[in-house]
Amino acid sequence: MHEMSLTESVVEILCEEGRRQGFARVKTVWLEIGTLSGVEPGAMEFCFDVVTRGTLAEGARLEIVRTPGQGWCLDCEKSVALVERFGACPECGGYKVQMTSGDEMRVKELEVE
Amino acid sequence: MDYGAGLAGVHVPGMSQERIVQIERDILSKNRSYAEENRGYFGRKGVLALNFVSSPGSGKTSLLVRAINDLKDKHAIAVIEGDQQTSNDAERIRATGAKAIQVNTGKGCHLDAHMVGHALETLDIADNSLLFVENVGNLVCPAAFDLGEAHKVVLLSTTEGEDKPAKYPDMFAAADLMLLNKSDLLPHLDFDVGACIAHALRVNPNLQTLIVSAKTGEGLAAFYAWVEARSNLARSDLARRKAEARKAG
(Lines give C-alpha, C1' and ligand atoms only; values in the text may rest on other atoms or scores of the structure.)
Protein backbone atom coordinates (compact mmCIF):
# COMPACT_ATOMS: atom_id res chain seq x y z
CA MET A 1 0.00 0.00 0.00
CA HIS A 2 1.81 3.12 1.15
CA GLU A 3 4.41 1.56 3.42
CA MET A 4 6.94 4.31 2.75
CA SER A 5 4.81 7.13 4.14
CA LEU A 6 3.56 4.94 7.00
CA THR A 7 7.17 4.20 7.90
CA GLU A 8 7.98 7.89 7.75
CA SER A 9 5.13 8.48 10.21
CA VAL A 10 6.61 5.83 12.50
CA VAL A 11 9.98 7.59 12.48
CA GLU A 12 8.27 10.94 13.14
CA ILE A 13 6.58 9.39 16.17
CA LEU A 14 9.95 8.03 17.37
CA CYS A 15 11.61 11.45 17.06
CA GLU A 16 8.73 13.14 18.87
CA GLU A 17 8.74 10.61 21.70
CA GLY A 18 12.53 10.91 21.91
CA ARG A 19 12.24 14.64 22.58
CA ARG A 20 9.35 14.19 24.99
CA GLN A 21 10.72 11.27 26.97
CA GLY A 22 14.39 12.10 26.68
CA PHE A 23 16.01 9.20 24.86
CA ALA A 24 18.65 9.53 22.17
CA ARG A 25 18.66 6.11 20.58
CA VAL A 26 16.04 3.54 19.69
CA LYS A 27 17.21 -0.06 19.62
CA THR A 28 13.99 -1.94 18.94
CA VAL A 29 10.59 -0.90 17.68
CA TRP A 30 7.52 -3.07 18.14
CA LEU A 31 4.72 -2.36 15.71
CA GLU A 32 1.29 -3.89 15.81
CA ILE A 33 0.04 -4.38 12.26
CA GLY A 34 -3.30 -6.08 11.76
CA THR A 35 -3.65 -8.71 9.06
CA LEU A 36 -6.55 -6.74 7.55
CA SER A 37 -4.73 -3.39 7.55
CA GLY A 38 -3.48 -3.78 3.98
CA VAL A 39 0.10 -3.22 5.08
CA GLU A 40 2.79 -5.54 3.76
CA PRO A 41 5.24 -6.22 6.64
CA GLY A 42 8.06 -7.08 4.23
CA ALA A 43 7.73 -3.74 2.46
CA MET A 44 7.62 -1.98 5.80
CA GLU A 45 10.84 -3.67 6.94
CA PHE A 46 12.54 -2.61 3.74
CA CYS A 47 11.35 0.99 4.11
CA PHE A 48 12.30 1.06 7.79
CA ASP A 49 16.01 0.52 7.06
CA VAL A 50 15.97 3.31 4.50
CA VAL A 51 13.87 5.84 6.40
CA THR A 52 15.68 5.47 9.74
CA ARG A 53 19.09 6.33 8.27
CA GLY A 54 20.50 9.41 9.95
CA THR A 55 17.84 9.36 12.69
CA LEU A 56 17.83 8.22 16.31
CA ALA A 57 16.51 4.87 15.11
CA GLU A 58 19.29 4.10 12.67
CA GLY A 59 20.13 0.40 12.83
CA ALA A 60 17.17 -0.35 15.12
CA ARG A 61 15.50 -3.75 15.01
CA LEU A 62 11.93 -3.78 13.75
CA GLU A 63 9.55 -6.32 15.27
CA ILE A 64 6.13 -6.56 13.68
CA VAL A 65 3.36 -8.19 15.69
CA ARG A 66 0.46 -9.32 13.48
CA THR A 67 -2.99 -9.22 15.00
CA PRO A 68 -5.59 -11.54 13.45
CA GLY A 69 -8.77 -10.27 11.84
CA GLN A 70 -11.95 -10.55 13.84
CA GLY A 71 -15.48 -9.36 13.34
CA TRP A 72 -18.89 -9.42 14.95
CA CYS A 73 -21.50 -11.22 12.84
CA LEU A 74 -24.86 -9.55 13.36
CA ASP A 75 -26.77 -12.63 12.21
CA CYS A 76 -24.82 -15.22 14.23
CA GLU A 77 -24.52 -12.75 17.13
CA LYS A 78 -20.97 -13.74 17.86
CA SER A 79 -17.36 -12.94 17.21
CA VAL A 80 -15.92 -14.68 14.14
CA ALA A 81 -12.55 -14.86 12.39
CA LEU A 82 -12.13 -12.63 9.34
CA VAL A 83 -9.55 -13.41 6.67
CA GLU A 84 -10.37 -10.46 4.44
CA ARG A 85 -11.46 -6.98 5.28
CA PHE A 86 -15.02 -7.00 4.02
CA GLY A 87 -15.28 -10.76 3.86
CA ALA A 88 -18.21 -13.00 4.68
CA CYS A 89 -18.91 -14.66 8.02
CA PRO A 90 -17.19 -18.09 7.96
CA GLU A 91 -20.18 -19.67 9.73
CA CYS A 92 -23.26 -18.32 7.96
CA GLY A 93 -21.73 -16.90 4.76
CA GLY A 94 -23.47 -13.55 5.27
CA TYR A 95 -21.84 -10.17 4.93
CA LYS A 96 -23.30 -8.48 8.00
CA VAL A 97 -19.96 -8.60 9.76
CA GLN A 98 -18.48 -5.60 11.50
CA MET A 99 -14.73 -5.73 11.78
CA THR A 100 -13.66 -5.51 15.41
CA SER A 101 -9.91 -6.03 15.05
CA GLY A 102 -7.25 -6.64 12.46
CA ASP A 103 -6.87 -3.14 11.01
CA GLU A 104 -4.45 -1.92 13.69
CA MET A 105 -1.39 0.10 12.70
CA ARG A 106 0.24 1.08 15.95
CA VAL A 107 3.63 1.75 17.45
CA LYS A 108 3.34 -0.30 20.63
CA GLU A 109 6.65 -0.28 22.43
CA LEU A 110 10.22 0.84 22.10
CA GLU A 111 13.49 -0.31 23.54
CA VAL A 112 15.57 2.81 23.99
CA GLU A 113 18.72 4.07 25.60
CA MET B 1 7.19 -12.79 19.33
CA ASP B 2 8.81 -12.66 22.69
CA TYR B 3 8.65 -9.33 24.50
CA GLY B 4 11.04 -10.59 27.15
CA ALA B 5 13.84 -11.62 24.83
CA GLY B 6 15.01 -8.15 23.82
CA LEU B 7 15.89 -7.15 27.32
CA ALA B 8 16.45 -10.35 29.24
CA GLY B 9 19.75 -10.99 27.53
CA VAL B 10 21.30 -7.62 28.01
CA HIS B 11 19.49 -5.77 30.74
CA VAL B 12 20.99 -5.67 34.21
CA PRO B 13 19.11 -3.38 36.59
CA GLY B 14 21.16 -0.38 37.54
CA MET B 15 23.88 -1.23 35.05
CA SER B 16 22.32 -0.16 31.80
CA GLN B 17 20.52 2.82 30.35
CA GLU B 18 18.23 0.67 28.27
CA ARG B 19 14.55 0.75 28.95
CA ILE B 20 11.27 -0.14 27.37
CA VAL B 21 8.90 2.68 26.58
CA GLN B 22 5.23 1.92 26.05
CA ILE B 23 3.82 4.38 23.57
CA GLU B 24 0.76 2.81 21.96
CA ARG B 25 0.46 5.41 19.26
CA ASP B 26 -1.49 4.97 16.09
CA ILE B 27 0.76 5.30 13.05
CA LEU B 28 -1.79 7.50 11.32
CA SER B 29 -2.38 9.70 14.38
CA LYS B 30 -0.12 12.42 13.02
CA ASN B 31 -2.07 12.63 9.78
CA ARG B 32 -5.30 12.58 11.76
CA SER B 33 -4.25 15.60 13.83
CA TYR B 34 -3.39 17.57 10.68
CA ALA B 35 -6.75 16.51 9.21
CA GLU B 36 -8.56 17.80 12.29
CA GLU B 37 -6.78 21.15 11.89
CA ASN B 38 -7.98 21.33 8.29
CA ARG B 39 -11.49 20.33 9.33
CA GLY B 40 -11.52 23.10 11.95
CA TYR B 41 -10.41 25.59 9.30
CA PHE B 42 -13.21 24.53 6.94
CA GLY B 43 -15.71 24.80 9.78
CA ARG B 44 -14.60 28.31 10.69
CA LYS B 45 -15.02 29.41 7.07
CA GLY B 46 -18.22 27.58 6.15
CA VAL B 47 -16.32 25.67 3.45
CA LEU B 48 -17.62 22.36 2.12
CA ALA B 49 -14.55 20.26 1.28
CA LEU B 50 -14.93 17.19 -0.92
CA ASN B 51 -12.12 14.71 -1.58
CA PHE B 52 -12.44 13.17 -5.08
CA VAL B 53 -10.82 9.78 -5.43
CA SER B 54 -10.69 7.23 -8.25
CA SER B 55 -8.32 5.23 -10.38
CA PRO B 56 -6.45 7.17 -13.08
CA GLY B 57 -8.56 7.97 -16.12
CA SER B 58 -12.06 7.73 -14.68
CA GLY B 59 -12.72 11.38 -15.44
CA LYS B 60 -12.15 13.31 -12.21
CA THR B 61 -10.72 16.40 -13.85
CA SER B 62 -13.34 16.49 -16.63
CA LEU B 63 -16.09 16.12 -14.05
CA LEU B 64 -14.65 18.92 -11.93
CA VAL B 65 -14.21 21.25 -14.91
CA ARG B 66 -17.85 20.70 -15.86
CA ALA B 67 -19.11 21.06 -12.27
CA ILE B 68 -17.15 24.29 -11.77
CA ASN B 69 -18.57 25.79 -14.95
CA ASP B 70 -22.10 24.81 -13.88
CA LEU B 71 -21.75 25.95 -10.27
CA LYS B 72 -19.45 28.97 -10.41
CA ASP B 73 -22.24 31.56 -10.65
CA LYS B 74 -23.65 30.39 -7.33
CA HIS B 75 -20.49 29.42 -5.43
CA ALA B 76 -16.94 30.51 -4.92
CA ILE B 77 -14.93 27.39 -5.79
CA ALA B 78 -11.33 26.46 -5.06
CA VAL B 79 -9.48 23.33 -6.11
CA ILE B 80 -6.47 21.43 -4.81
CA GLU B 81 -5.02 19.18 -7.51
CA GLY B 82 -2.91 16.23 -6.46
CA ASP B 83 -0.67 14.51 -8.99
CA GLN B 84 2.73 12.90 -8.88
CA GLN B 85 4.00 15.30 -11.54
CA THR B 86 2.98 18.15 -13.88
CA SER B 87 0.55 20.98 -13.34
CA ASN B 88 -1.62 20.04 -16.34
CA ASP B 89 -4.74 19.42 -14.26
CA ALA B 90 -4.46 22.67 -12.30
CA GLU B 91 -4.17 24.52 -15.62
CA ARG B 92 -7.35 22.85 -16.90
CA ILE B 93 -9.11 23.92 -13.71
CA ARG B 94 -7.76 27.48 -13.82
CA ALA B 95 -9.14 27.85 -17.35
CA THR B 96 -12.60 27.79 -15.73
CA GLY B 97 -11.69 30.81 -13.61
CA ALA B 98 -11.60 28.83 -10.34
CA LYS B 99 -8.66 29.17 -7.96
CA ALA B 100 -6.47 26.09 -8.18
CA ILE B 101 -3.25 24.95 -6.62
CA GLN B 102 -1.25 21.98 -7.81
CA VAL B 103 0.37 19.72 -5.24
CA ASN B 104 2.96 17.37 -6.69
CA THR B 105 3.46 14.40 -4.44
CA GLY B 106 6.64 13.28 -6.23
CA LYS B 107 6.95 9.57 -5.49
CA GLY B 108 3.97 9.75 -3.13
CA CYS B 109 0.85 7.82 -4.07
CA HIS B 110 -1.67 9.99 -2.20
CA LEU B 111 -2.26 13.43 -0.72
CA ASP B 112 -1.92 13.67 3.04
CA ALA B 113 -3.47 16.16 5.44
CA HIS B 114 -0.20 18.00 5.94
CA MET B 115 0.15 18.72 2.19
CA VAL B 116 -3.44 19.95 2.10
CA GLY B 117 -2.82 22.19 5.11
CA HIS B 118 0.11 23.80 3.28
CA ALA B 119 -1.96 24.24 0.13
CA LEU B 120 -4.65 25.98 2.19
CA GLU B 121 -2.11 28.56 3.37
CA THR B 122 -1.48 29.70 -0.20
CA LEU B 123 -4.99 29.15 -1.56
CA ASP B 124 -6.71 31.73 0.68
CA ILE B 125 -10.25 30.36 0.32
CA ALA B 126 -13.23 32.71 0.64
CA ASP B 127 -15.86 32.02 3.30
CA ASN B 128 -18.74 29.74 2.21
CA SER B 129 -16.75 28.31 -0.72
CA LEU B 130 -16.70 24.85 -2.15
CA LEU B 131 -13.30 23.17 -2.02
CA PHE B 132 -12.74 20.28 -4.40
CA VAL B 133 -9.66 18.20 -3.68
CA GLU B 134 -8.69 15.99 -6.60
CA ASN B 135 -6.59 13.24 -5.10
CA VAL B 136 -3.90 11.29 -6.92
CA GLY B 137 -5.48 8.72 -9.24
CA ASN B 138 -5.19 5.59 -7.10
CA LEU B 139 -7.92 3.42 -5.63
CA VAL B 140 -5.81 2.13 -2.75
CA CYS B 141 -3.68 4.57 -0.79
CA PRO B 142 -5.85 7.72 -0.58
CA ALA B 143 -8.48 5.69 1.32
CA ALA B 144 -6.38 5.64 4.47
CA PHE B 145 -5.58 9.34 4.59
CA ASP B 146 -8.19 11.69 6.02
CA LEU B 147 -7.56 15.18 4.62
CA GLY B 148 -10.16 16.89 6.81
CA GLU B 149 -12.80 16.73 4.09
CA ALA B 150 -16.52 16.46 4.78
CA HIS B 151 -16.93 13.57 2.35
CA LYS B 152 -14.93 11.37 0.05
CA VAL B 153 -16.54 11.10 -3.37
CA VAL B 154 -15.38 8.07 -5.33
CA LEU B 155 -15.62 8.04 -9.12
CA LEU B 156 -15.87 4.83 -11.05
CA SER B 157 -16.25 4.87 -14.81
CA THR B 158 -18.23 2.42 -16.91
CA THR B 159 -15.08 1.47 -18.86
CA GLU B 160 -13.64 -0.10 -15.71
CA GLY B 161 -14.65 -3.43 -14.21
CA GLU B 162 -17.96 -3.46 -12.37
CA ASP B 163 -16.33 -5.48 -9.59
CA LYS B 164 -13.85 -2.73 -8.68
CA PRO B 165 -15.72 -2.04 -5.41
CA ALA B 166 -15.05 -5.68 -4.47
CA LYS B 167 -11.41 -5.55 -5.59
CA TYR B 168 -10.61 -2.23 -3.91
CA PRO B 169 -13.05 -2.25 -1.01
CA ASP B 170 -11.27 0.23 1.26
CA MET B 171 -11.94 3.17 -0.99
CA PHE B 172 -15.63 2.35 -1.42
CA ALA B 173 -15.94 1.83 2.32
CA ALA B 174 -14.37 5.23 3.01
CA ALA B 175 -16.55 7.14 0.52
CA ASP B 176 -20.03 8.57 1.10
CA LEU B 177 -20.95 9.03 -2.55
CA MET B 178 -20.10 7.01 -5.66
CA LEU B 179 -20.39 8.70 -9.03
CA LEU B 180 -20.65 6.15 -11.81
CA ASN B 181 -19.19 8.24 -14.63
CA LYS B 182 -19.21 7.89 -18.44
CA SER B 183 -22.84 6.75 -18.49
CA ASP B 184 -22.97 7.92 -22.13
CA LEU B 185 -20.86 4.87 -23.03
CA LEU B 186 -23.19 2.33 -21.39
CA PRO B 187 -25.00 1.38 -24.63
CA HIS B 188 -21.66 0.28 -26.10
CA LEU B 189 -20.44 -1.72 -23.10
CA ASP B 190 -21.33 -4.84 -21.16
CA PHE B 191 -21.11 -2.99 -17.88
CA ASP B 192 -23.73 -4.27 -15.39
CA VAL B 193 -24.75 -1.23 -13.34
CA GLY B 194 -26.82 -3.27 -10.89
CA ALA B 195 -23.96 -5.67 -10.18
CA CYS B 196 -21.58 -2.75 -9.67
CA ILE B 197 -23.87 -1.10 -7.13
CA ALA B 198 -24.43 -4.45 -5.40
CA HIS B 199 -20.66 -4.91 -5.02
CA ALA B 200 -20.34 -1.39 -3.61
CA LEU B 201 -23.22 -1.78 -1.15
CA ARG B 202 -21.81 -5.02 0.18
CA VAL B 203 -18.70 -3.12 1.22
CA ASN B 204 -20.53 0.01 2.34
CA PRO B 205 -24.29 -0.23 2.95
CA ASN B 206 -24.49 3.56 3.42
CA LEU B 207 -22.91 4.47 0.08
CA GLN B 208 -25.06 6.62 -2.18
CA THR B 209 -24.69 6.22 -5.94
CA LEU B 210 -25.41 8.58 -8.82
CA ILE B 211 -25.06 7.64 -12.47
CA VAL B 212 -23.53 10.56 -14.36
CA SER B 213 -21.78 11.62 -17.50
CA ALA B 214 -19.32 14.50 -17.33
CA LYS B 215 -19.57 14.62 -21.11
CA THR B 216 -23.33 14.82 -21.68
CA GLY B 217 -24.28 16.18 -18.26
CA GLU B 218 -26.61 13.25 -17.51
CA GLY B 219 -27.23 12.90 -13.78
CA LEU B 220 -25.22 15.96 -12.82
CA ALA B 221 -28.27 17.88 -11.60
CA ALA B 222 -28.66 15.25 -8.88
CA PHE B 223 -24.98 15.55 -7.99
CA TYR B 224 -25.24 19.34 -7.77
CA ALA B 225 -28.28 19.00 -5.50
CA TRP B 226 -26.23 16.67 -3.28
CA VAL B 227 -23.42 19.26 -3.15
CA GLU B 228 -25.87 22.13 -2.58
CA ALA B 229 -27.51 20.43 0.41
CA ARG B 230 -24.14 19.81 2.07
CA SER B 231 -22.83 23.27 1.29
CA ASN B 232 -25.95 24.75 2.90
CA LEU B 233 -25.16 22.79 6.05
CA ALA B 234 -21.59 24.13 6.15
CA ARG B 235 -22.79 27.67 5.51
CA SER B 236 -25.55 27.59 8.11
CA ASP B 237 -23.06 26.34 10.71
CA LEU B 238 -20.89 29.37 9.99
CA ALA B 239 -23.86 31.77 10.00
CA ARG B 240 -25.01 30.40 13.35
CA ARG B 241 -21.55 30.74 14.82
CA LYS B 242 -21.30 34.34 13.61
CA ALA B 243 -24.72 35.16 15.08
CA GLU B 244 -23.68 33.65 18.41
CA ALA B 245 -20.43 35.64 18.36
CA ARG B 246 -22.38 38.86 17.72
CA LYS B 247 -24.72 38.09 20.59
CA ALA B 248 -21.82 37.39 22.91
CA GLY B 249 -19.79 40.41 21.80
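Residues numbered from 1 in each chain as written. Chains lettered and ligands numbered in written order. Predicted model: local features only at pLDDT ≥ 70, side-chain atom pairs only at ≥ 80, totals over all residues.

**Quick word on the overall build of chain B**
What chain B contains, in helices and strands, is nine helices and eight strands. Over its C-alpha atoms, taken along the principal directions, chain B stretches across nearly 75 × 60 × 35 Å. Sorting the 249 residues of chain B into buried and exposed places 41% on the buried side. Within chain B, counting contacts between residues at least 6 apart in sequence, those at least 24 apart form 74% of the total. (Helix = DSSP H or I, 4+ residues; strand = E, 2+ residues; numbered from the N terminus. Buried ≥ 20, exposed ≤ 12 C-beta atoms within 10 Å, placed from the backbone. Contact = placed C-beta atoms within 7 Å.)

**Description of the overall build of chain A**
Within chain A, the secondary structure is distributed over two helices and six strands. In sequence order, chain A lays out its α and β elements as α-β-α-β-β-β-β-β. The C-alpha atoms of chain A give 17 Å as radius of gyration, which overshoots the globular expectation for 113 residues (13 Å, by more than 25%). When the backbone C-alpha atoms are referred to their principal axes, chain A occupies close to 50 × 25 × 15 Å. Counting only residues that meet the buried cut, chain A has 37% of its 113 residues in that class. Within chain A, residue pairs in contact and separated by at least 24 positions form 70% of the contacts whose partners lie at least 6 positions apart. (Rg over C-alpha atoms; globule rule 2.2 N^0.38 Å.)

**Topic: the packing of helix H1 (residues 3-21) of chain A against helix H2 (residues 41-51) of chain A**
All names here are of chain A. At a closest axis distance of 9 Å, the pairing of H1 and H2 adopts a crossing angle of 50°. Considering their axes alone, H1 and H2 lie oblique with respect to each other. Handedness of the crossing formed by H1 with H2: right-handed. Packed against H1, whose contacting residues are Glu3, Met4, Leu6, Thr7, Glu8 and Val11, the element H2 presents Ala43, Met44, Cys47, Phe48 and Val51 at the interface. Among the residues making up the contact of H1 with H2, the classes are represented as eight nonpolar, one polar and two charged. (Axes fitted to C-alpha atoms, helices over the stretch in contact; angles between N-to-C directions. Parallel < 35°, antiparallel > 145°, perpendicular 65-115°, else oblique. Left-handed = near helix turned anticlockwise from the far one by under 90°. Nonpolar A, V, L, I, M, F, W, Y, C, P; charged D, E, K, R; others polar.)

**A closer look at the interface of chain B and chain A**
For an interface, size is often stated in terms of accessible area lost upon the parts coming together. Listed per partner, the contact involves 29 residues of chain B and 27 residues of chain A. Breaking the side of chain B that touches chain A down by element, the ones donating at least two residues are helix H1 (5-8), strand E1 (19-26), helix H2 (29-45), helix H7 (169-174) and helix H8 (193-203) of chain B. Among the elements that take part in the side of chain B that touches chain A, E1 of chain B stands out by supplying eight residues, more than any other. The class makeup of the residues in the side of chain B that touches chain A is 14 nonpolar, six polar and nine charged.

**Regarding the pairing of strand E4 (residues 78-81) of chain A**
All names here are of chain A. The pairing of strand E3 (residues 70-73) with E4 spans four bridges and is antiparallel. Of the residues in E4, the one forming a bridge with Gln70 is Ala81. As consecutive antiparallel partners, E3 and E4 are separated by four residues, and within that stretch Glu77 has a phi angle of approximately 55°, a positive value. (Pairing = 2+ DSSP bridges.)

**Here we look at the sheet that holds E1 of chain B**
Sheet architecture is open: four strands sit in the order E2(A)-E1(A)-E6(A)-E1(B), paired in mixed fashion. Two strands close off the open sheet at either side, each with one partner strand: strand E2 (61-67) of chain A together with E1 of chain B. Sheet twist, expressed as the average angle between the axes of neighbouring strands with direction ignored, equals 20°. Relative to E1 of chain B, strand E6 (residues 105-112) of chain A runs antiparallel, the two sharing six bridges. Looking across to E1 of chain B, one finds that Leu110 of chain A is bridged to Val21 of chain B.

**Here we look at the pairing of E2 of chain A**
Successive side chains on a regular strand alternate, one facing one side of the sheet and the next facing the other. Residue and element names in this part refer to chain A. Where strand E1 (residues 26-34) and E2 come together, seven bridges link them in parallel fashion. Note on E2: the bridge partner recorded for Val29 is Leu62. The parallel pair E1 and E2 is bridged by H2, and the resulting crossover is right-handed. (Right-handed = clockwise from strand over helix to strand, strands pointing away.)

**Brief notes about the packing of H2 of chain B against helix H5 (residues 113-123) of chain B**
All names here are of chain B. In contact at an axis separation of 8 Å, H2 and H5 are set at 35° when each is read in the N-to-C sense. In this structure, H2 meets H5 at a crossing whose hand is left-handed. On the side of H2, the interface is formed by Asn31, Tyr34, Ala35, Glu37, Asn38 and Tyr41, while H5 contributes Ala113, His114, Val116, Gly117 and Leu120. Looking at the contact of H2 with H5, its residues break down into six nonpolar, four polar and one charged.

**Points about the sheet that holds strand E5 (residues 97-101) of chain A**
Think of a sheet as strands paired side by side through backbone hydrogen bonds, with each pair either parallel or antiparallel. All names here are of chain A. With antiparallel pairing, three strands are arranged side by side in an open sheet as E4-E3-E5. With partners counted over all chains shown, the strands left at the sheet margins are E4 and E5, one partner each. Between one strand axis and the next, the sheet turns by 40° as a mean value, whatever way the strands run. Relative to E5, E3 runs antiparallel, the two being bridged by four bridges. Directly across from Trp72, in E5, lies its bridge partner Gln98.

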